[in-house]
Amino acid sequence: MKIKVNGKEIDVTGQNTLIEELRNIGYDIPSLCYDSGASHQASCMVCMVKNVANGQMIPSCSTFPQEGMNIETDTEEVLSLRRMSLELLLSDHRADCEAPCTVVCPARIDVAQVILHYDRGDKDKAYSLLASATDIDNLPCKDCKAPCEKACRRGTVDKCVSVRDMMMVLAEAKDLRVVEAKSVANVSKDVFSSKLGRYSDAEKEWLKEVYSQPSRCLHCACEGRDKCKLRQFSTNAGIKAPRYGVSSHQIVKEQIHVKGSLYFEPAKCIRCGLCVYNTNDGFTFKHRGFDMQVVIPEESKNNVDEKIADICPTGALFTV
Ligand code: SF4
Ligand code: SF4
Ligand code: SF4
Ligand code: FES
């Protein structure tokens, strides 16, 4: 069968969905609720294309080609509809992509990651990250005004994390080894970065109780940021901040241990359903309409494979 794509006639078998046909010929069509080979139901609308033959916008992930179709994939009309779909998803998403302390560090130390490894008990890795970013024997923190502490989210709850002291104590711990761990904070202004906004009073109380380890760090950076398609497509669409504000009621920074190294952070879930449709008696939907949530019942946790994190298009499912 023949269809037109951006003015060019192409042959398609009719066996694959439009998104697959378009990707096969090199068009980079974004998708969040669709992952090749996985069960899905169209919901995110970031894969939209226009069929000029009848004037309709259609989700390419769940439409099969039909004779006479005349598809546009990259006009301003199509791109702005995709952008709006992303912005709507972002309006229900409360999270920081990057930790504020890392963003402002003039020495480009990945502060949040250093503290994360430290808190998890992997002090060698924490030391290595610090050593890879800076001269460990001549730590810049000594003479720094510590903008990390001014930016620290914990400071809006009670008192900021003593970042500078932590870095200096770590740098002087001569018993630690340099292991394979390298990272310099690479926070590019061109990359979309979700920002959390303010905590409610109830959240502050909850955070104090849950994040009560000696460092008191809230581990703000999103652990799924390197794989997150929501972030990637928002960057590609030129989105700087959610246009409609953020109205999520999910508890911020609630991390549910599913099993093994797999965690679920509901405030980052865009309810795409991929984890629901691709686990057997695992994740499930609760409530309907605006109140709909994805949940993992306690008794279903063992039915989930850790690999499910790979198809989650956000940092809502991640492994540590
Ligand atoms: S709470 Fe931790 S990760 Fe968040 S800004 Fe403060 S030091 Fe950084
Ligand atoms: S899920 Fe994606 S967009 Fe959300 S905070 Fe994580 S990296 Fe950023
Ligand atoms: S946890 Fe991930 S895969 Fe599951 S519904 Fe939320 S965003 Fe989709
Ligand atoms: S990828 Fe097509 S509707 Fe989500």
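Parameters and conventions
- Residues numbered from 1 in each chain as written.
- Chains lettered and ligands numbered in written order.
- Predicted model: local features only at pLDDT ≥ 70, side-chain atom pairs only at ≥ 80, totals over all residues.
- Near = placed C-beta within 6 Å.
- Nonpolar A, V, L, I, M, F, W, Y, C, P; charged D, E, K, R; others polar.
- Helix = DSSP H or I, 4+ residues; strand = E, 2+ residues; numbered from the N terminus.
- Core = buried A, V, L, I, M, F, W, Y, C linked by C-beta atoms within 7 Å.
- Buried ≥ 20, exposed ≤ 12 C-beta atoms within 10 Å, placed from the backbone.
- Contact = placed C-beta atoms within 7 Å.
- Domains from an automatic or database assignment.

1. Notes on the site of ligand 3
Item 1. What surrounds ligand 3 is a group of 14 residues, the closest being Cys269, Cys272, Cys275, Cys312 and Ala316.
Item 2. When grouped by side-chain class, the residues that make up the shell around ligand 3 number 11 nonpolar, two polar and one charged.

2. Considerations on the environment of Pro106
Item 1. Along the chain, Pro106 turns up in the loop between helix 3 (100-104) and helix 4 (111-119).
Item 2. As a C-alpha pair, Pro106 and Thr284 span 178 residues in sequence and 44 Å in three-dimensional space.

3. Observations regarding the nonpolar core
Item 1. Counting 81 residues, the largest nonpolar core has Val111, Leu130 and Leu317 as its most contacted members.
Item 2. Ignoring sequence-local partners within four residues, the contact set of Leu130 consists of Ile109, Val114, Ile136, Met167, Leu170 and Ala171.

4. Regarding the site of ligand 2
Item 1. Taken together, 13 residues surround ligand 2, and among them Ala95, Cys97, Cys222, Cys228 and Gly315 come closest.
Item 2. Residues that form the shell around ligand 2 fall into these classes: five nonpolar, five polar and three charged.

5. Remarks on the domain arrangement of the protein chain
Item 1. Each assigned domain of the protein chain is listed with its residue range as follows: domain 1 (2-90), domain 2 (96-221) and domain 3 (248-320).
Item 2. Of note, the centres of domain 1 and domain 2, computed from C-alpha atoms alone, are 41 Å apart.

6. Quick notes on unusual backbone geometry
Item 1. The phi torsion at His219 lies on the positive side, around 50 degrees, for a residue other than glycine.
Item 2. Mapped onto the fold, His219 is located in the loop between helix 8 (201-210) and helix 9 (229-236).
Item 3. We classify His219 as buried; it has 20 C-beta atoms within 10 Å.
Item 4. Positive phi, close to 55 degrees, is recorded for Asp281, a residue that is not glycine.
Item 5. Mapped onto the elements of the fold, Asp281 is located in the loop between helix 10 (274-277) and strand 8 (284-286).

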